[in-house]
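# Coordinate inspection notes
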Amino acid sequence: MSHDHIRVPLVQPGTRAELAEVESRIMAERGRVSLLYQVLLNSAPIASGWERMLTAVRNQTGIPADLRELVILRVAVLNGAGFEFDAHVPHASRAGVAADKIAATRQPALPDAFTPLERLVLDLTDRMTRDIVVPDEVMASLREHFDARGLVELVATVAAYNMVSRFLVALNVAH
């Protein structure tokens, strides 16, 4: 498969000795060095920090997997990151997100397919991604469901996947 459209070269795993440590961490966490990481490996410090941060966001928070995956899908939709959306549909399905809810994340306005908590989390996602500023009343509603750690983890998840999608879109990373 040609990846000529990607704006930087892909780094094939095992081709640069100085990347061995970060590549082994990526393999341990992800089971493979994906297209995204082949782009990131152009900078060992960025690839290393990215892997640690995204591993924390995806695997080490208390955010329920279904909510996390809904956030990731919605951010991908809002930022036009089809590669990220496609990559996370299987994760969302494994986390128990129904196909109709996965499809609903693609709607410009959130439909009624979601539970009240899902809608609240997706409202946060939309506001952080589209508007940047989150109104006090949204945060107050979130505090009814999440303690300080949960709020930090939820906001960090939205922020981290905005970083991911914007990176992918800027460097034209797609299938």
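To keep things clear, this report deals only with the structure shown in the data block.

Conventions adopted
- Residues numbered from 1 in each chain as written.
- Predicted model: local features only at pLDDT ≥ 70, side-chain atom pairs only at ≥ 80, totals over all residues.
- Heavy atoms only, no water.
- Phe/Tyr/Trp six-rings, centres within 6.5 Å; stacked < 30°, edge-to-face > 60°.
- Helix = DSSP H or I, 4+ residues; strand = E, 2+ residues; numbered from the N terminus.
- Buried < 20%, exposed > 50% of the residue type's maximum accessible area, 1.4 Å probe, protein only.
- Lys NZ or Arg CZ within 6 Å of the ring centre and 35° of its normal.
- Core = buried A, V, L, I, M, F, W, Y, C linked by side-chain atoms within 4.5 Å.
- Contact = heavy atoms within 4.5 Å.
- Arc of directions from axis to C-beta.

### Things to note about the packing of aromatic side chains
Within the structure shown, the criterion is met by one aromatic pair. Between the aromatic rings of Trp 50 and Phe 167, the centroid separation amounts to 4.9 Å while the plane-to-plane angle is 55°, which identifies the pairing as tilted. Here Trp 50, found in helix 3 (residues 44-59), pairs with Phe 167, found in helix 9 (residues 148-170); they are 117 residues apart in sequence, far enough to count as distant. Since its relative accessible area comes to 7%, Trp 50 is described here as buried. The ring of Phe 85 carries the charged tip of Arg 106 above its face, separated from the ring centre by 3.9 Å.

### Some remarks on the nonpolar core
Residues Leu 41, Leu 124, Leu 142, Phe 146, Leu 154 and Tyr 161 are the most contacted members of the largest nonpolar core, which totals 39 residues. The element contributing the most residues to this core is helix 9, with seven residues. Ignoring anything within four residues of it in the chain, the contact list for Tyr 161 reads Leu 54, Val 57, Arg 58, Ile 72, Val 75, Glu 84 and His 88. Counting 12 residues, the second-largest nonpolar core is a separate cluster that includes Leu 70, Ala 92, Leu 110 and Phe 114.

### Some details on the environment of Arg 130
Tracing the chain through its elements places Arg 130 in helix 7 (residues 116-131). Judged by its relative accessible area of 45%, Arg 130 falls in the partly exposed class. Along the backbone, Arg 130 and Leu 78 are 52 residues apart, and their C-alpha atoms lie at a distance of 7.6 Å.

### Considering unusual backbone geometry
Here the phi dihedral of Ile 132 falls at roughly 70°; this positive angle occurs in a residue that is not glycine. Looking at the secondary structure, you find Ile 132 in the loop between helix 7 and helix 8 (136-143). Its identity as a non-glycine residue notwithstanding, Asn 172 has a phi of 60°, on the positive side. Structurally, the position occupied by Asn 172 is in the segment after helix 9.

### Side note on the side chain of Asp 126
Inspection of the secondary structure puts Asp 126 in helix 7. Looking at Asp 126, the relative accessible area reads 8%, which means it is buried.

### Regarding helix 8
Every buried residue of helix 8 is listed here: Val 138, Met 139 and Leu 142. For helix 8, the angular spread of buried residues about the axis comes to 95°, placing them on one side. What points out from helix 8, more than 90 degrees from its buried face, is the exposed set Asp 136, Glu 137 and Arg 143. Residues of helix 8 that are buried in the fold lie against helix 7 and helix 9.

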